[in-house]
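# Structural description and commentary
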Amino acid sequence: MTVAGVGKRFDVVVAGGGPAGAATALLLARAGVVVAVVDRAHFPRPKACAEYFSPGVVDALQRLGVWSRVASLPHARLRGMELVGPGGGRHLVAYPDDPRPHRSLTVRRDLLDATLLEQAGKAGATLLLGHAVRDVVRHSKGAAGLIVQDSGTTTELAAHLVIGADGVRSLVARRLGLAAPPRWPARLGLVTHYEHISSPCDHGEMHLAHGVYCGLAPLGNGAMNVGFVTSVASAQRLGGAEAAFRWMQTQLPAVAHTLRGGGRAGKLLGIAPLAQRCSRPYAGGALLVGDAAGFLDPFTGEGVFRALRGAELAAGVALRALERGDTSAQALAPYAALRRRAFAAKDCLCLLIQAFVAAPRLLDYAIPRLNRRPEAGPLAAALGDYQPAARVLAPAMLWKLLAP
Ligand SMILES: Cc1cc2nc3c(=O)[nH]c(=O)nc-3n(C[C@H](O)[C@H](O)[C@H](O)COP(=O)(O)OP(=O)(O)OC[C@H]3O[C@@H](n4cnc5c(N)ncnc54)[C@H](O)[C@@H]3O)c2cc1C
């Protein structure tokens, strides 16, 4: 690749301006670090997302100091997510007070992401939008910058540290040999918007049938996000995204019933495969954050929470490494342990829940039990990302939740 010129030198260059990249850049810029964010898109940009964000996201936005700005966007606050099993049984995963009330947030991703990136820019980060990352500059000790392309011009951005926040299929992870093969069959996520939904309720809904699930998230003022996941093979067999959308409604008649009352307000946005794995979230001169560091499935809706919490962890490790002038793999290794402490228990809980997604008839067994057991409260708080998941995973607790 011919590189036309060496651009400005930065302390840190961030590949990707989604929530993970924007939040990392915001925290670093506020700490006085000279940081640039590179994204191939111009914001606001569309992003396939079910737009349901756990109470933990609200807490993280408050810690980042951007909550009042986000709260000024059109949004809704919901008290939980109702699971609807194939047999029609329902359980509302309602967030318990601890003691203050907790609510999830629904807000359009194009607006949320543009706002976070704008805040990073206001904090002093350089925003290089419409620039595609083409490669990672590597020296003997690891990453040393990014090669970026903007309408035909290729430039090298040198940096002490590279942050890979470039989502599933992260180029940074692949170029640094950190991407790992997926463990799950390839799945497809498709999302669209409806408007004029006559009776949007104060919670989201997650409907499950064999081979497909669909989330309904009220966005306020009669608007609703409709997102569903099925296997890539099913969507191909059915003949594409729109055919899969029609098929989903035949499998989930309660979803079809809700949508019949409103009007479609956008095209289907899709992403496949959904999952991303990495062997480790760091290398010499580089950290991975957000989906680039791993993503399983949107069912439990923690992607943006992990992006923001991961950004806090990455920024802390990056600041210490930059202060010491040591961004070697050894200096960055504590990041992996911090991520394990923050996310490992929730990952286990999500894997357990994936068993119900794979065999939704199990939900018909679980729903009536969850409805009568007080232990469902801590489960909801763990799923809401504001209480530790480890507590719910204790065998005694699982028995209390699911025993016959
Ligand atoms: C169908 C679906 C529904 C979901 N629903 C939810 C939900 O309801 N709640 C929730 O919390 N999470 C949800 N998620 C997960 C959530 O969207 C992600 O976890 C979140 O977007 C991760 O943020 P990120 O910043 O890591 O990546 P992204 O938001 O994907 O941002 C990555 C950025 O990198 C840029 N980029 C990528 N490659 C390059 C390149 N080579 N050069 C320049 N720029 C590049 C992209 O343009 C993009 O802006 C859902 C995911 C899917 C697929």
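Residues numbered from 1 in each chain as written. Predicted model: local features only at pLDDT ≥ 70, side-chain atom pairs only at ≥ 80, totals over all residues. Heavy atoms only, no water.

## Observations regarding the overall build of the chain
The secondary structure content of the chain amounts to 15 helices and 22 strands. Taken over C-alpha atoms, the radius of gyration comes to 21 Å for the chain, in line with the 22 Å a tight globule of 404 residues would show. Projected onto its principal axes, the C-alpha coordinates of the chain cover approximately 60 × 45 × 40 Å. By residue count, 54% of the 404 residues in the chain fall in the buried class. Pairs at least 24 residues apart make up 74% of the contacts formed inside the chain by residues separated by at least 6 positions. Just so you have it, the chain exposes about 16,800 Å², and 55% of that area is on carbon and sulfur atoms. Looking at the chain, you have 45 positive and 28 negative side-chain charges, and the mean spots of the two groups are 4 Å apart. (Helix = DSSP H or I, 4+ residues; strand = E, 2+ residues; numbered from the N terminus. Rg over C-alpha atoms; globule rule 2.2 N^0.38 Å. Buried < 20%, exposed > 50% of the residue type's maximum accessible area, 1.4 Å probe, protein only. Contact = heavy atoms within 4.5 Å. Areas by Shrake-Rupley, 256 points an atom, 1.4 Å probe, with all protein chains shown as cover. Lys, Arg positive; Asp, Glu negative; His and termini not counted. Charge placed at Lys NZ, Arg CZ, Asp CG, Glu CD.)

## Some remarks on the pattern of salt bridges
Any two side chains of opposite charge can pair, so long as their charged atoms come close to each other. Following the criterion strictly, the structure yields 18 salt bridges and no others. Here Asp347 and Arg306 are joined by a salt bridge, their closest N and O atoms 2.5 Å apart. Residue Asp347 is found in helix α11 (residues 334–358), and its partner Arg306 is found in helix α9 (residues 303–324); the two are separated by 41 residues along the sequence. Between Arg309 and Glu312 there is a salt bridge; the shortest N-O distance is 2.7 Å. Pair noted here: Arg309 and Glu312 are both in helix α9, with a separation of three residues, about one helical turn. (Salt bridge = Lys/Arg side-chain N within 4 Å of Asp/Glu carboxyl O.)

## Topic: the pairing of strand β3 (residues 35–39)
Buried residues dominate β3, accounting for five of its five residues. Here β3 shows a buried face lined by Val35, Val37 and Asp39 and a second buried face lined by Ala36 and Val38. Where strand β2 (residues 10–15) lies against β3, four bridges are found, and the strand directions are parallel. When the bridges of β3 are listed, Val14 appears paired with Val37. (Pairing = 2+ DSSP bridges.)

## What to know about unusual backbone geometry
A cis amide bond links Phe43 with the next residue in sequence, Pro44, at an omega value of 0 degrees. In the segment running from Ala272 into Pro273, the intervening peptide bond is cis, with an omega of -10 degrees. With respect to the element layout, Pro273 can be found in the loop between β19 (269–271) and β20 (277–278). At His196, a position not held by glycine, the phi torsion is positive, near 60 degrees. Structurally, the position occupied by His196 is in the loop between β14 (187–195) and β15 (204–209). Of the residues examined, His196 reaches a relative accessible area of 58% and is grouped as exposed.

## Regarding the nonpolar core
Residues Val35, Leu61, Leu287 and Leu308 are the most contacted members of the largest nonpolar core, which totals 54 residues. By residue number, the principal contributor to this core is α9, which donates eleven residues. If we skip the residues at most four places from it in the chain, Leu61 touches Val66, Trp67, Val70, Leu105, Leu116 and Leu308. Grouped together as the second largest cluster of nonpolar side chains are 31 residues, Met206, Val229, Leu274 and Phe356 included. (Core = buried A, V, L, I, M, F, W, Y, C linked by side-chain atoms within 4.5 Å.)

## Observations concerning the site of the ligand
Contacts to the ligand come from 36 residues, most closely from Asp39, Tyr52, Arg109, Val133 and Asp291. Arg45 is positioned with one of its side-chain polar atoms (N or O) 3.0 Å from an oxygen atom of the ligand. In this structure, Val133 approaches the ligand through a main-chain N or O atom, which is 2.8 Å from a nitrogen atom. For the ligand, whose accessible area on its own is 990 Å², the fraction buried by protein is 94%. (Near = heavy atom within 4 Å. Polar contact = N/O pair within 3.5 Å; in protein donor to acceptor, adjacent residues only side chain to side chain.)

## Details of a positive patch on the surface
Together, Arg40, Arg134, Arg169 and Arg174 make up a region of like positive charge exposed at the surface. Here Arg169 is to be found in the loop between β12 (153–164) and α5 (171–175). By relative accessible area, which is 45% here, Arg169 ends up partly exposed. (Patch = residues over 30% accessible without salt bridge, like charges linked within 9 Å, V, L, I, M, F, W, Y side chains within 5 Å.)

## Points about the side chain of Thr24
Take Thr24: it is sitting in helix α1 (residues 19–30). Judged by relative accessible area, which is 0%, Thr24 ranks as buried. Residues in contact with Thr24, not counting those within four places in the same chain, are Ile163, Val289, Ala311, Ala314 and Ala315.

## Some thoughts on the pairing of strand β10 (residues 132–139)
Here seven bridges tie β10 to strand β11 (residues 142–150), and the two strands are oriented antiparallel to one another. Of the residues in β11, the one forming a bridge with Val136 is Leu146. Where β10 folds back onto β11 in an antiparallel hairpin, the turn is made up of two residues.

## A closer look at the packing of aromatic side chains
Counted under the stated rule, the structure contains four aromatic pairs. The interplanar angle of 45 degrees and the centroid separation of 6.5 Å between the aromatic rings of Tyr194 and Phe245 together place this pair among those described as tilted. With Tyr194 in strand β14 and Phe245 in helix α7 (residues 241–251), this residue pair connects regions lying 51 residues apart in the sequence. Through successive ring pairs, a cluster of aromatic residues spans Tyr194, Phe228 and Phe245. Its guanidinium or amino end placed over the ring of Tyr282, Arg280 lies 5.1 Å from that ring's centre, counting from NZ or CZ. The ring of Phe343 is capped by Arg306, whose NZ or CZ atom sits 4.6 Å from the centre of that ring. (Phe/Tyr/Trp six-rings, centres within 6.5 Å; stacked < 30°, edge-to-face > 60°. Lys NZ or Arg CZ within 6 Å of the ring centre and 35° of its normal.)

All we've got here are geometric facts, nothing functional implied.
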